[in-house]
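Fold and geometry: a report
Next come the chains, spelled out residue by residue.
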Amino acid sequence: MAVVIEVLGWAGKSRKRFRVESDEVTVGRGYTNDIVLSDPHISPQHLRLNATDQGWAIEDLNSLNGVQVVCKRGDIDGVFASGSEIKIGRTRLRIVATDHAVEQTKLLHRLELESSRLNRLAIWLPLFIAVFITELVAIYVTTAVAWEWKNVIPMLLGAQLVILAGALFWALVGRLIRHESHLLGQYSLLLLATLLFSATDWLLVTLNYNVNLLLFGEHIQRLTSLAIVFVLFSANLALATNLSVRSRWITSACCVGLLVTIGLVVEMRRWGEFSPFPEYSSTLQPPALLFASGRSGDAFLNSADDLFARADKSIE
Amino acid sequence: MPTLTRQSLSLCCFFLLLFNTITAAADVEVARQLFAENRSAILQIRLIDLTSGSKSAIGSGFAIDHNGLIATNYHVIELAASEPDQYRIEYLTETNQAGVLTLVDVDVINDLALVKAEQMVSQPIALASIEPEVGVPVFALGNPLDLGLTVVPGTYNGINTTSYYPRVHFTGSLNSGMSGGPTLNQQGQVIGINVATAGNQISFLVPTARLQQLVVDYQQRGSAVTEVADYIGSQLQADQQQKMTQLLAADWQSIALGQAQVLQELPPFVKCWGGSNNTNSKAQFLSAERSCRSEDNIYLNAGFETGILEYQFFWLEADKLNSWQFYAVYENLFGDFAPGNRATEDDVSEFHCDHDFISSASQRQSKTVLCTRAYKDYPGLYDTVFLQGSVDNSDKAFISHFTLAGVSRENSLRFARRFMEVSQWR
């Protein structure tokens, strides 16, 4: 009777499989064994599996560290049915019969089918150039001193390094969990999110400048940023893990929740703290972005009664 | 010829020196005499913290009648006025006799207070009825830094005409602890009450007339002030009303700043200063500024002062910057305005702000911000910050700003209306 021995890794994932076409299988560090493992805590001749009708009997060959039972399947004492797990040294093994049922095939998500397309230089390069140019333009329009490349390049590279670090992180996660890094894909995703983030930020600031909704505008800005982060996380997870769509969304929602919590904790110290300085909207944009028309100075000052009333109310 | 000149010069110096020695000797004699005659009339005023039983603050004071009435500065006894349950006012005579004082009247505008002992503590000092001539030697008395009674000779330089609240300009060194002590003329009469210093030899006194007025008010009322906060509130209200009426009735002249017209100096309320970055060779844009500020602070407590008026104008030109870069600089500057007076959470609310675009036939489109915070102990008074910046030109900009501290809503808005009319870039 053939047996499959799976060496289990992180989270019970199968790391390595051995198939032996024999009723008697020896496991150990010595090269004479049917299954040779390299864990130094395993004895040269550690154990022998003897096939029975209902499974396998495990015979400890006087090993130094013995055999631990992690999970025993089957009802008969001393007989381990297919799917049982044991631990020898620091290595977890699953004993599986060749007719053992496997999990249902998972449907590939559309994004996963596209993922190989994302993982191409032809996608990454234009995105990279677009982000690079956006960044350069952003620096240029906010620089009021003489343009010096020696000041600009560190700023540019700094931003790019942060994005690259993010891409490397997700590639590493992918390599560990799925054995696929998708570095360019992850990089492209982050670049895309950066572009989206810059564009919405700019749009919202301009909108807020024109329509005068200070608080509301700030909230919208935060919500959009969180939405972008949520979508980005889901996409990163899709490339780097085998999570189902549902659990991916839950995971990203948790990550966004974590970010919100961190943000709140950082801000919490400032809650209720008195500021002797006025906090007002100081946004000013070039006339090209100004669509709003003004009202008369008198109308503005006439409505200031409400402002004084608000100040009065706050000290009651 | 050259030798002669040198000779006459050295002769001159000699005479000056001699003359100086003679007058200095005369001053020393007067100072000695004044010190000997009045030493017992100058008291140390101490604020005793009831929990620790120790003195928290000291100043000086002097008797002004035979019934134990003593004059000092409001800022000396302020802790006892705001926290009567936590502080006691005591006096200490030159012979180390101590006693308790009660607060009977204050004038926060002129930083004066009247306190009263149970009985006569010392011989009163007479208040001078006429103003001395500018240049005469006068002598400040007090307890600087708790070092014991000290006499500081100096010169009377008249009543400062560049501030709204009258203050005697005294050329002599006042130090902390001398606050509330008298400055005497050569006849030993009080010509002012020591109040503030502005550094090297420049010091200020409250004119005696203010003290006389306070004494008259107190005598007419005939009893001690009870609700001190309300009383101070009504003084602040009346003062801002009078000051703003006078200010708004004044002739507001304008002066050019760049292409804009801005409000000229308004004596005696504010003094103006200006500057620009024209000489800075690295500057990428042009910035010219004019800042006007009153030097009249009304002391309310250690963290809170009011009575300030300031206004400021900026003219900016893009020069080497494109409009995006120019607006980034402009935005930075626009976001950086704050009121010029100090206040803490115990004194005022947070600022509340409104903003909107303003434009009319006569006015360029501009972003206008109005912020205000209310006084907690003095209802009906506010600190108001106004800020306006042009938004319709891509390579030029004009900012105007004012802060009014301790002013009513009506007066703040009347000032804002007038300010917007006068300070404009048409």
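Residues numbered from 1 in each chain as written. Chains lettered and ligands numbered in written order. Predicted model: local features only at pLDDT ≥ 70, side-chain atom pairs only at ≥ 80, totals over all residues. Heavy atoms only, no water.

With respect to the nonpolar core
Residue and element names in this part refer to chain B. Selection rule: Throughout, nonpolar core names a set of buried Ala, Val, Leu, Ile, Met, Phe, Trp, Tyr and Cys residues whose side chains join them through atoms within 4.5 Å. Residue exposure (1.4 Å probe, protein chains only): buried if accessible area is under 20% of the type maximum, exposed if over 50%, otherwise partly exposed. What fixes the domain bounds is an automatic or database domain assignment. Note on contacts: a residue pair qualifies if any of its non-hydrogen atoms lie within 4.5 Å across the two residues.
In this structure, Ile77, Tyr311 and Phe415 are the most contacted members of the largest nonpolar core, which totals 78 residues. Of the domains in this structure, domain 1 (1-225) and domain 2 (235-425) are the two that each give at least three residues to this core. Those residues in contact with Phe415 that sit more than four places away from it in its chain are Met244, Leu247, Leu248, Trp252, Leu309, Phe402 and Leu404. Counting residues in each nonpolar core, the second largest holds 27 residues, with Leu69, Leu114, Ile193 and Val206 among its members.

Observations regarding the environment of B:Pro379
Here is the rule: A run of DSSP states H or I qualifies as a helix once it reaches four residues; a run of E qualifies as a strand once it reaches two. Both are numbered from the N-terminal end.
Its place among the elements puts B:Pro379 in the loop between strand 21 (363-374) and strand 22 (382-390). By relative accessible area, B:Pro379 is classed as exposed at 63%.

What about the domain arrangement of chain B?
Residues and elements named next belong to chain B. Put simply, the rule is: Accessible-area loss on putting two parts together, using a 1.4 Å probe and summing over both, is the definition of buried area adopted here.
In terms of domains, chain B is made up of domain 1 (1-225) and domain 2 (235-425). Placing the centre of domain 1 and that of domain 2 at their C-alpha centroids yields a distance of 37 Å. Taken together, the contact pairs 12 residues of domain 1 with 15 residues of domain 2. For the domain 1 face of the interface with domain 2, the top three residues by lost area are Ile109, Tyr164 and Tyr165, together amounting to 48%.

Some remarks on the interface of chain A and chain B
Operational definition: Should a side-chain nitrogen of Lys or Arg be within 4 Å of a carboxyl oxygen of Asp or Glu, the pair is scored as a salt bridge. Pairs of N or O atoms within 3.5 Å make up the polar contacts considered here, provided that, within protein, one atom can donate a hydrogen while the other can accept it, and that residues adjacent in sequence are counted only when both atoms are side-chain atoms.
Of the residues lining the interface, 50 residues belong to chain A; the matching set on chain B comes to 56 residues. Interface area, chain A with chain B, both sides summed: about 4,800 Å², of which 64% is carbon and sulfur. Here A:Asp305 and B:Arg409 are joined by a salt bridge, their closest N and O atoms 3.8 Å apart. Connecting chain A to chain B are 22 residue pairs in polar contact (both at pLDDT 80 or more).

Some details on a negative patch on the surface
Using the following cut-off: Patch membership requires more than 30% relative accessible area and the absence of a salt bridge. Residues of like charge join within 9 Å; the nonpolar side chains Val, Leu, Ile, Met, Phe, Trp and Tyr join within 5 Å. The Shrake-Rupley method, run with a 1.4 Å probe, gives the accessible areas here. Residue values count only the displayed protein chains as cover. Charge counting treats Lys and Arg as positive and Asp and Glu as negative, with His and both chain ends excluded. By convention, the point assigned to a charge is CZ for Arg, NZ for Lys, CD for Glu and CG for Asp.
Taken together, the side chains of A:Glu218, A:Glu273, A:Glu279, B:Glu83, B:Asp85, B:Glu345, B:Asp346, B:Glu350 and B:Asp377 define an acidic patch exposed on the protein surface. Looking at the secondary structure, you find A:Glu273 in the loop between helix 6 (245-268) and helix 7 (297-302). A:Glu273 gets classed as exposed once you look at its relative accessible area, which sits at 53%.

A look at the packing of aromatic side chains
All names here are of chain B. Defined as follows: In summary, the pairing rule links any two rings of Phe, Tyr or Trp, Trp by its six-membered ring, whose centres are within 6.5 Å, and it sorts them by plane angle into stacked for under 30 degrees, edge-to-face for over 60 and tilted for everything else. Lysine and arginine charges are scored as sitting over a ring when NZ or CZ, respectively, is within 6 Å of the ring centre and within 35 degrees of the ring normal.
The final tally for this structure, using the stated rule, is 30 aromatic pairs over all chains. Among the aromatic residues, ring-to-ring pairing joins Trp252, Tyr311, Phe313, Phe386, Phe398, Phe402, Phe415 and Phe419 into one connected group. The lysine or arginine in question, Arg364, covers the ring of Trp425, its NZ or CZ lying 3.8 Å from the ring centre. Seen from the ring of Trp252, Arg418 lies directly overhead, with NZ or CZ sitting 4.4 Å from the centre.

Concerning the sheet that holds strand 1 (residues 2-8) of chain A
Residue and element names in this part refer to chain A. Quick note on the threshold: For two strands to count as paired, DSSP must find a minimum of two bridges between them. In this description, a line fitted to the C-alpha atoms serves as the axis of each element, helices being fitted only across the stretch in contact, and the angle between N-to-C directions of two axes falls anywhere from 0 to 180 degrees.
Here five strands make up an open sheet; going across it, the order is 2-1-10-9-7 and the pairing antiparallel. Each edge of the open sheet is held by one strand with a lone partner, namely strand 2 (14-21) and strand 7 (67-71). Averaged over all pairs of adjacent strands, the angle between strand axes in this sheet comes to 30°, irrespective of strand direction. One ladder, built from four bridges, connects strand 7 with strand 9 (residues 84-88); its direction is antiparallel. Along strand 9, the bridge assignment pairs Val67 with Ile88.

With respect to the state of the cysteines
Where we set the bar: Here, a disulfide means two cysteine sulfur atoms that sit within 2.5 Å of each other.
Scanning the model with the defined rule gives two disulfides over all chains in all. One disulfide bridge connects B:Cys272 with B:Cys292, the sulfur atoms lying 2.0 Å from each other. The disulfide joining B:Cys272 to B:Cys292 has a torsion of about 105° about its S-S bond and is therefore right-handed. Taken together, the residues B:Cys272 in strand 15 (residues 271-276) and B:Cys292 in strand 16 (residues 286-293) connect sequence positions 20 residues apart. The pair B:Cys272 / B:Cys292 is uniform in exposure class, with both members buried. Shown here is the disulfide that connects B:Cys353 with B:Cys371, its sulfur atoms set 2.0 Å apart. The sign of the S-S torsion, about 110°, decides the handedness of the disulfide formed by B:Cys353 and B:Cys371: right-handed. Here the residue B:Cys353 occupies a position in strand 20 (residues 352-360), and B:Cys371 occupies one in strand 21, the gap between them amounting to 18 residues. Judged by relative accessible area, B:Cys353 falls into the buried class, the value being 18%. In chain B, the bonded cysteines, taken in the order they occur along the sequence, pair up as 1-2, 3-4. Of the cysteine sulfurs around A:Cys254, a residue in no disulfide, the closest is that of A:Cys255, at 7.0 Å.

Regarding the pairing of strand 6 (residues 112-116) of chain B
Looking down a regular strand, the side chains alternate between one sheet face and the other. Residues and elements named next belong to chain B. By the criterion of burial, strand 6 is predominantly enclosed, with four of the five residues buried. When strand 3 (residues 69-72) meets strand 6, the two strands line up antiparallel, connected through four bridges. In the strand pairing of strand 6, Thr72 is matched with Ala113. Inspection of the sheet shows strand 5 (residues 98-107) paired to strand 6 by five bridges, in the antiparallel sense. Bridged to Asp105 within strand 6 is Leu114.

Regarding the pairing of strand 22 of chain B
Residue and element names in this part refer to chain B. Along strand 22, nine of the nine residues are buried, which leaves the element largely enclosed by surrounding structure. Pairing between strand 21 and strand 22: nine bridges, direction antiparallel. Across the sheet, Cys371 pairs through a bridge with Val385, a residue of strand 22. Relative to strand 23 (residues 396-407), strand 22 runs antiparallel, the two being bridged by eight bridges. Bridge pairing links Asp383 to Ala405 in strand 23. Remark: five residues form the turn of the hairpin made by strand 22 and strand 23, two consecutive strands paired antiparallel.

Side note on unusual backbone geometry
Outside of glycine, negative phi angles account for most residues, and trans bonds account for most peptide bonds. B:Pro268 follows B:Pro267 through a cis peptide bond whose omega is 0°. With respect to the element layout, B:Pro268 can be found in the loop between strand 14 (260-263) and strand 15. Not every positive phi belongs to a glycine, and A:His179 is a case in point at roughly 60°. Following the sequence through the fold, A:His179 ends up in the loop between helix 3 (149-177) and helix 4 (183-211). The phi torsion at B:Asn96 lies on the positive side, around 65°, for a residue other than glycine. Tracing the backbone shows B:Asn96 in the loop between strand 4 (87-92) and strand 5.

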